[in-house]
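Residue-level structure breakdown
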Amino acid sequence: MHEASKLFYALPVKFKMRAKQNANNRGYSPIMEEKLDLNANGDSKEGFYIGRECEDWEMDLPLRGKNVWWPPEEEEAKDEDEEESEARKIGIRFRLAMEQYYEEMVQFCDGFVPTFAEALGLPAFFEDKFKPHNALLRPLKYGKVKSEGKQFACGAHSDYGVLTMLWVQPGSEGLEIFDEKSESWMQVNLGGAEEEGKESERPDDFICNIGDLMQFWTNDRFKSTVHRVVTDGTKERYSAAFFYEPSYECEIEPIVLEGEEPKYEKTTFLKYILAKYDATHEAFDSGEKNASKNK
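Residues numbered from 1 in each chain as written. Predicted model: local features only at pLDDT ≥ 70, side-chain atom pairs only at ≥ 80, totals over all residues. Heavy atoms only, no water.

With 56 residues, the main nonpolar core has F48, F126 and F242 as its most contacted residues. Those elements giving two or more residues to this core turn out to be α1 (2–9), β2 (45–51), α3 (82–112), α4 (114–120), β5 (163–168), α5 (212–217), β10 (237–244) and α6 (269–280). Ranked by the residues each element gives to this core, the list is headed by α3, at 10 residues. For F48, the residues in contact, after removing those within four places along its chain, are F8, Y9, A19, G27, Y28, V68, W69, F94, L137, R138 and P139. Among the nonpolar cores identified, the runner-up in size contains 15 residues, and Y49, L136, V168 and F243 belong to it. (Core = buried A, V, L, I, M, F, W, Y, C linked by side-chain atoms within 4.5 Å. Buried < 20%, exposed > 50% of the residue type's maximum accessible area, 1.4 Å probe, protein only. Helix = DSSP H or I, 4+ residues; strand = E, 2+ residues; numbered from the N terminus. Contact = heavy atoms within 4.5 Å.)

With that settled, consider the packing of aromatic side chains. Overall, the coordinates contain 23 aromatic pairs when judged by the stated rule. Judged by centre distance (5.2 Å) and plane angle (65 degrees), the ring pair of F178 and W185 falls under edge-to-face. Look at F178 and you get partly exposed, because its relative accessible area is 31%. Since its relative accessible area comes to 28%, W185 is described here as partly exposed. Centre to centre, the rings of F216 and Y272 are 5.8 Å apart; their planes meet at 70 degrees, and the pair counts as edge-to-face. Taken together, the residues F216 in helix α5 and Y272 in helix α6 connect sequence positions 56 residues apart. Considered together, F216 and Y272 belong to a single accessibility category, that of buried residues. Counting every residue linked through ring pairs, the aromatic cluster contains Y102, F125, F126, F130, W217, F242 and Y244. The ring of Y142 has R237 sitting right over it, with the charged end atom 5.1 Å from the ring centre. (Phe/Tyr/Trp six-rings, centres within 6.5 Å; stacked < 30°, edge-to-face > 60°. Lys NZ or Arg CZ within 6 Å of the ring centre and 35° of its normal.)

Our focus in this paragraph is the confidence of the model for the chain. Per-residue confidence for the chain gives a mean pLDDT of 87; residues scoring 70 or more make up 88%. Counted against residues more than four places away or in other chains, residues 289–295, with its pLDDT under 50, gives 5 contacts. (pLDDT = per-residue confidence, 0-100.)

Packing of α1 against α3 brings their axes to within 9 Å, and their N-to-C directions diverge by 145 degrees. As for the relative orientation of α1 and α3, their crossing is left-handed in sense. Residues E3, A4, S5, L7 and F8 of α1 form the contact with α3, whose participating residues are I90, R93, F94, A97 and M98. Per-class residue counts for the contact of α1 with α3 are 7 nonpolar, 1 polar and 2 charged. (Axes fitted to C-alpha atoms, helices over the stretch in contact; angles between N-to-C directions. Left-handed = near helix turned anticlockwise from the far one by under 90°. Nonpolar A, V, L, I, M, F, W, Y, C, P; charged D, E, K, R; others polar.)

As structure tokens, then:
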């Protein structure tokens with residue numbers, strides 16, 4: 001997965017932009033396109049959104065559709081120069097690697113999420129919540145841009161969903177989490193760096209981030225993690241975030257213990273996530289933003 005990602009991001013922008021991110025949140029997003037911290041500049045990273053291949057009956061529903069790839073699977077190769085021919089091979093390799101990694105992460109999370117239900121004393125709680133799931137995979141490349149002032153590799157934020165499984169290139173520095181007790185940023189220390197030209201024999205590390213929806217569902221018993229990425233501008237950095245999310249039709253309401261009051265109102269995952277996008281993305285409008293203004 002990692003090598004296929006590096007090769008894809010090394011392609012000229014003209015090829016990557018043929019798979020540009022669409023309205024259903026699938027495809028390539030160029031450097032500086034996303035701004036997770038609304039008080040900062042655009043993030044100095046590239047990304048690529050990959051989701052579940054939706055069924056035909058879902059095609060007209062919000063945030064659902066086919067994945068965007070280049071070259072498209074149905075597109076036949078035409079007479080092309082050597083550069084484009086090589087780029088096509090890299091694009092195909094990227095697709096195959098990401099599809100395989102995506103399915104493996106779905107299987108992993110299917111087995112991992114029930115441990116949170118066990119901790120809540122509700123072992124069967126999540127059984128019907130992810131049918132179908134709406135997981136997203138996002139391989140990322142951070143450019144050689146120094147984080148300073150209002151410029152960050154990835155601005156401060158917490159993830160919107162239930163759970164994020166983050167793979168980070170061994171030896172990478174820059175991931176920081178916000179510690180509420182000390183009100184300061186703490187660096188996440190990872191394993192040793194790969195030697196030049198050698199693959200590390202050390203198993204890959206995965207970081208588990210609890211998301212806002214898990215905090216919502218558990219009435220704040222599990223807290224989401226505010227984090228950011230800062231880079232020194234001397235080298236590129238790679239990671240891959242896998243966001244494990246429930247069915248859009250799934251009803252969500254806080255799990256309350258005896259004597260507790262719910263801290264959030266009952267809703268569906270679709271309404272919840274659209275409200276998140278409305279609040280944090282200026283160009284995104286689910287239709288509810290303008291409707292609420294006119295009430």
